[in-house]
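In case you want the letters, here they are:
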Amino acid sequence: FIKTFYFGVMETKDYKEKTRENIVQTLALNTVIDGTELTEYPEKLLETTEKQFVTPIEKYNESQGISMDEFISQNYESQEAYEEDLDKNVKAQLKGQIIYNAIAEKENIEITDDELSTQIKSYISSYGVEDEEALDEQFQENYGGSAKKLIYANLLYEKIAEYLVGNVVEDDGNSQDLEGTAGNK
C-alpha cells in the first residue's frame, strides 16, 4: 500500500522513518514555542502578518465568487469571532517567527545568498514566471508579502527545525526536552 500510494517512498521502513522525523520535528517546534512567553508584538509585524493571512482568504473567496462578509457568516458565528480567530492565528504565527529569528541569531543560523538564490530560482521555475520581479508580483497578489522575504522565512524555518530536531534528547518516550532551548523566555 505505502509503495503504491506514496510516491517517492520506496519502502515501508522509509515511510515510518520519515513519519517519525516529522513527528519529532513538530514536537520540537511546539515545545519551544509553547515554552516561550511573548507578551508584546511589534505593530508593523502584526499588520504584515495579518495581511499574509487575509490575502489568500480574499483570493480564494474571489475565485469562488463570495465576499468576505459571506465567508465570515459561513464560517464564524460573528464578525467578532472571525476577528478573534484571526488575531489568535496572526499572533501564533508571529510568535513563531520571532522565536525562530531569536534562535537563528543566538545559534548563528543563517541563510546564505546562494541558498536563497537557488530557492528563488526554483520558485521562479515552479510558478512559471520570467524573473524575480514577476515572482514577487505573484507573491504579493496571492500571499500578501514579498517573495524574497517569504522564501527566506521558509528557509530559516527549515534550518531552525533541523537545528531543534538535532538537539532533541529522547528519554523513555514519554517526553522530550531541547538542550538549551526549552523553557527559555
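Please refer to the structure higher up on the page.
Scope of this entry: the structure provided in the associated data block.

What counts, and where the lines are drawn
Residues numbered from 1 in each chain as written. Predicted model: local features only at pLDDT ≥ 70, side-chain atom pairs only at ≥ 80, totals over all residues. Heavy atoms only, no water. Phe/Tyr/Trp six-rings, centres within 6.5 Å; stacked < 30°, edge-to-face > 60°. Salt bridge = Lys/Arg side-chain N within 4 Å of Asp/Glu carboxyl O. Helix = DSSP H or I, 4+ residues; strand = E, 2+ residues; numbered from the N terminus. Buried < 20%, exposed > 50% of the residue type's maximum accessible area, 1.4 Å probe, protein only. 1 Å grid on protein atoms, 1.4 Å probe; cavity = no way out; pocket = protein on both sides within 12 Å on 5 of 7 lines; lining within 4 Å. Points joined across faces, edges and corners; volume = space filled by probe spheres on them. Nonpolar A, V, L, I, M, F, W, Y, C, P; charged D, E, K, R; others polar. Axes fitted to C-alpha atoms, helices over the stretch in contact; angles between N-to-C directions. Parallel < 35°, antiparallel > 145°, perpendicular 65-115°, else oblique. Contact = heavy atoms within 4.5 Å. Polar contact = N/O pair within 3.5 Å; in protein donor to acceptor, adjacent residues only side chain to side chain.

## Some words on the packing of aromatic side chains
Link 1 in the chain: With the rule as written, the count across this model stands at 7 aromatic pairs.
Link 2 in the chain: Through a chain of ring-to-ring contacts, the aromatic side chains of Tyr-123, Tyr-127, Phe-139 and Tyr-143 assemble into a single cluster.

## Describing the pattern of salt bridges
Link 1 in the chain: The tally for this structure, following the rule as stated, stands at 4 salt bridges.
Link 2 in the chain: Residues Lys-91 and Asp-87 are paired through a salt bridge, measuring 3.5 Å at the closest nitrogen-oxygen approach. With a gap of 4 residues between them, Lys-91 and Asp-87 both fall in helix H5 (residues 79-106), about one helical turn apart.
Link 3 in the chain: Taking relative accessible area as the criterion, Lys-91 reaches 29% and is therefore assigned partly exposed.

## A word on the layout of surface pockets
Link 1 in the chain: The calculated volume of the largest pocket comes to roughly 1000 Å³.
Link 2 in the chain: Lining the largest pocket are 36 residues, with Gln-52, Gln-93, Gln-97, Leu-150 and Ala-153 positioned closest to its centre.
Link 3 in the chain: The residue inventory of the lining of the largest pocket, partitioned by class, reads 18 nonpolar, 12 polar and 6 charged.

## Some words on the packing of helix H2 (residues 12-34) against helix H8 (residues 147-166)
Link 1 in the chain: Remark: H2 packs on H8, axes separated minimally by 9 Å, with the N-to-C direction vectors making an angle of 95 degrees. By the criterion of interaxial angle, the relationship of H2 to H8 is roughly perpendicular. On H8, the residues that touch Val-24, Gln-25, Ala-28, Leu-29 and Val-32 of H2 are Tyr-157, Ala-161, Glu-162, Leu-164 and Val-165.

## Thoughts on the environment of Gln-119
Link 1 in the chain: You can see Gln-119 is positioned in helix H6 (residues 113-127).
Link 2 in the chain: On the basis of relative accessible area, Gln-119 is assigned to the partly exposed category, the value being 23%.
Link 3 in the chain: Sequence separation between Gln-119 and Tyr-152 is 33 residues; the distance between their C-alpha atoms is 8.7 Å.
Link 4 in the chain: If we ignore the near neighbours within four places in the chain, the residues touching Gln-119 are Ile-151 and Leu-155.

## Concerning unusual backbone geometry
Link 1 in the chain: Here the phi dihedral of Asn-108 falls at roughly 55 degrees; this positive angle occurs in a residue that is not glycine.
Link 2 in the chain: Turning to its location among the elements, Asn-108 is positioned in the loop between H5 and H6.

## A short note on the side chain of Thr-49
Link 1 in the chain: As for its position among the elements, Thr-49 is in helix H3 (residues 43-64).
Link 2 in the chain: A relative accessible area of 2% places Thr-49 in the buried class.
Link 3 in the chain: Only 2.8 Å separates the side chain of Thr-49 from the backbone oxygen of Leu-45, close enough to count as a polar contact.
Link 4 in the chain: Setting aside residues up to four positions removed in sequence, Thr-49 forms contacts with Val-90, Gln-93, Leu-94 and Gln-97.

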